Amino acid sequence: MKVGNLVCLRQNFPASIYTHERGLTETMLTQGTSGVVISIEVRGPVPGAKVMFNEDKTIITWCPTEFLKVT
């Protein structure tokens, strides 16, 4: 997995998402939601990626790589 790859979620993923309009919100990203990898990050011992998802609005969130698969 690298920056710019198109990925989708392997399973449902609860995410805390910051939006400048509403503050911090909790949402459930459903299995099969696709997005583009913005950056690769390691948080503690867990490798992951910041992914830009597009549902109702543009959502950028960090997901562990075990929840993602490259399409």
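A brief structural summary. (Residues numbered from 1 in each chain as written. Predicted model: local features only at pLDDT ≥ 70, side-chain atom pairs only at ≥ 80, totals over all residues. Heavy atoms only, no water.)

**Brief notes about the pairing of strand β4 (residues 34-43)**
- Relative to β4, strand β1 (residues 6-9) runs antiparallel, the two sharing 3 bridges. Bridging from a neighbouring strand, Cys8 pairs with Ser34 of β4.
- Bridge analysis of β4 against strand β5 (residues 46-54) gives 8 bridges, and the strand direction is antiparallel. When the sheet's bridge partners are listed, Ser39 is paired in β5 with Lys50.
- Between β4 and β5, which pair antiparallel one after the other, the connecting turn spans 2 residues, and Gly44 there sits at a positive phi close to 65°. (Pairing = 2+ DSSP bridges. Helix = DSSP H or I, 4+ residues; strand = E, 2+ residues; numbered from the N terminus.)

**Considerations on the nonpolar core**
- If you look at the biggest cluster of nonpolar residues, it comprises 13 residues, and the most contacted ones within it are Leu9, Phe13, Leu29, Val51, Phe53, Cys63 and Leu68.
- Of all the elements in the fold, those that place two or more residues in this core are β1, β2 (13-19), β5 and β6 (58-64).
- Sorting elements by how many residues they give to this core places β5 first, with 3 residues. (Core = buried A, V, L, I, M, F, W, Y, C linked by side-chain atoms within 4.5 Å. Buried < 20%, exposed > 50% of the residue type's maximum accessible area, 1.4 Å probe, protein only.)

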